[in-house]
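Here's the letter readout for the chains.
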Amino acid sequence: MLFKVIYGGKKKLIKVDEVDYSSLIKEVKKKFSIEQKDLVLQDDTGVEVDEDVFTDVLEEKSREVLWRVIDQDSECTVLDSCSSHSDTLVLTPNHPETDDRAEPSMKRPRFDEAFEAKQFVSEILKEKAGGLAVLAEYNEHGKLTDSTRRQLVNIVVAYITEKEGRVPSKETKTRCALGIVTLCPSLKDPYSRTGYEHFYDPKSNQGYISWRLKTVSRRSKSQSTRNARSSAALDEGNRGPTANRANWNYLEKQLDGDQCKEAISFMSHCADKDQIFEKMKLTFKHRQQLIHDAEKSSTALSVFPRFHDTKGLVLQDFDIKFGTETASRLLEQWDTLKPKIIAEAKTLNSNLYLNSLLAAGTGQNLECEWQGWDSDMSCLLLLAFLLPPSAGGRNNSTKISIKEAMDHVVQFHKACCSLTEYVEKTEGLQPHLLAVGSAKNAIHEFYIVLDGKLLPCQAKSSLSAFDELFKAYFVFSVSYPHSLNAMFTFVQTTIYKIGCGTVRETPRVKDLRAKLLN
């Protein structure tokens, strides 16, 4: 792909084979013979474009756009004549024509507007997890690093989408942008009309806030597709994991209104585990209403961030929904079910993968690709052979292999490797277990990977970890992977006895239940 680039007053066409930020900067340095300098990329409006938003900006821009590259220590950039207009003003603070020439939405804000917007953003940062760290960094250094600035935008966007859905009003976005540069003056652009256009420009609908909203919207739409809430009644009857169960028999007092908001804010800063569990219990109803709201469901993990660092919260929410008797059924019945699953799997046509799991499930030591999973996890994965993957849905006839389907249950991760890199690569998958350890039979930590986030499991064994994974589908109202719908439906109805007689079951599920229980 060809890029038109200007640097130091010279324009050149840059050919980039791999269209990404790093490749473009590398070719720019090569073409302009730039050495020992850090560069900054700007779009045709003069807004700095960071690596994490480059692809988003590129999608919005025409291929004919002129990209500007400047030295990182450069104090300002003069707009090139090819993208300027004869009536464009070079604006400075003492320009008498600024407010008259600008559009109404682009006039410089009044003091009272700026002060109110500053208070608005300040309250968001004080209320939301991570916000106080942003304020502390700015107060200490008088500026923010790029990563902290991105975190600031993410926090603000999470708040306004929680309040107004995926498409906040132009006024709200403008208010946030004004509040950010008023609260943190070093982030203000002194050469723009209002100083905050790089955060949000009402005229072009561009800027960091708009770009983040587009990213959130894409992820939310993807999650909505994965959750398949609109077709849950057809696919799983009315008692699957996406069913909105309002008759919780195990609820005590529940908070609402300002008391609920105070509890959520309190949890964000609380270090007492018992207090966190108590507040989570008192906000359960609000959380379920949020999760079952199609517009706000994607914000659940940001509104309740303690799922990211507090083990056992998934288990508590499931207990509230179904009671301890239902919650304990897998662990109580496993010793009886396990040998029956192994015996039934031995009747299947033999292959390498099946033999590997059977060997591990029965405690044998077989040298093969899958050797390593412990006995319980191997036996659980045998269910994927007994209830093999189906096609990918009504409009998708692709059928994945059993080995691929198992990635929707558990994946192994070497303890010495980066968890962040793993999550970035697997962000699109539905909930699955991440087993971290030195080997598959030496796991020391389990996580549930959900919507690009890691939720630590309380479990120390593979069986308990699978128990938490299954419960996460109900706690966060996520539909089962279509390829393993039969397997998870079997676990739901046969083991946990949830939705028996109301959930749509395939003949294979009913047949396997008859074989194992009779």
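Residues numbered from 1 in each chain as written. Predicted model: local features only at pLDDT ≥ 70, side-chain atom pairs only at ≥ 80, totals over all residues. Heavy atoms only, no water.

Peer 1: Explanation requested: the packing of helix α11 (residues 273-282) against helix α14 (residues 313-322) in the structure shown.
Peer 2: Working note: a packed helix pair is described by the angle between its axes plus the distance between those axes. Interaxial distance between α11 and α14 falls to 11 Å at its minimum, and their mutual angle equals 35°. The crossing of α11 and α14 is right-handed. Between α11 and α14, the residues in contact are Ile276, Phe277, Met280 and Lys281 and Leu313, Gln316 and Ile320, respectively. Classifying every residue of the contact of α11 with α14 gives 5 nonpolar, 1 polar and 1 charged. (Axes fitted to C-alpha atoms, helices over the stretch in contact; angles between N-to-C directions. Helix = DSSP H or I, 4+ residues; strand = E, 2+ residues; numbered from the N terminus. Left-handed = near helix turned anticlockwise from the far one by under 90°. Contact = heavy atoms within 4.5 Å. Nonpolar A, V, L, I, M, F, W, Y, C, P; charged D, E, K, R; others polar.)

Peer 1: What exactly am I supposed to notice about the environment of Pro339 here?
Peer 2: Take Pro339: it is sitting in helix α16 (residues 329-345). Between the alpha carbons of Pro339 and Cys379 there is a distance of 8.8 Å; along the sequence they are 40 residues apart.

Peer 1: Is there a simple way to explain the sheet that holds strand β4 (residues 66-71) in this structure?
Peer 2: Strand order across the open sheet formed by 4 strands is β2-β1-β4-β3, with mixed pairing between neighbours. At either end of the open sheet lies a strand with only one pairing partner, and these are β2 (10-15) and β3 (39-42). Direction aside, the axes of adjacent strands within the sheet are offset by 30° on average. Summarising the sheet, β3 and β4 pair through 4 bridges and their orientation is antiparallel. Looking at the pairing, Val40 lines up with Ile70 of β4. (Pairing = 2+ DSSP bridges.)

Peer 1: Could you clarify how one ought to interpret the pairing of β4 in this entry?
Peer 2: Regular strands place their side chains on alternate faces of the sheet. Burial of β4 is extensive: 6 of the 6 residues sit out of reach of the surface. By the alternation rule, side chains of β4 split into Leu66, Arg68 and Ile70 and Trp67, Val69 and Asp71, which are all buried. Looking at chain direction, strand β1 (residues 2-7) and β4 are connected through 3 bridges and run parallel. The residue bridging Val5 from the neighbouring strand is Trp67, located in β4. (Buried < 20%, exposed > 50% of the residue type's maximum accessible area, 1.4 Å probe, protein only.)

Peer 1: For this particular structure, what's the right way to read the sheet that holds strand β8 (residues 453-456)?
Peer 2: What links the strands of a sheet is backbone hydrogen bonding, and the strands pair in either a parallel or an antiparallel sense. Sheet architecture is open: 4 strands sit in the order β5-β6-β7-β8, paired in mixed fashion. The open sheet terminates on both sides in strands that have one partner only, identified here as β5 (410-414) and β8. Taking the axes of each pair of neighbouring strands and ignoring which way they run, one obtains an average angle of 35° across the sheet. As paired elements, strand β6 (residues 432-439) and strand β7 (residues 442-450) share 7 bridges and run antiparallel to each other. Looking at the pairing, Ala435 lines up with Phe446 of β7.

By themselves these figures say nothing about function.
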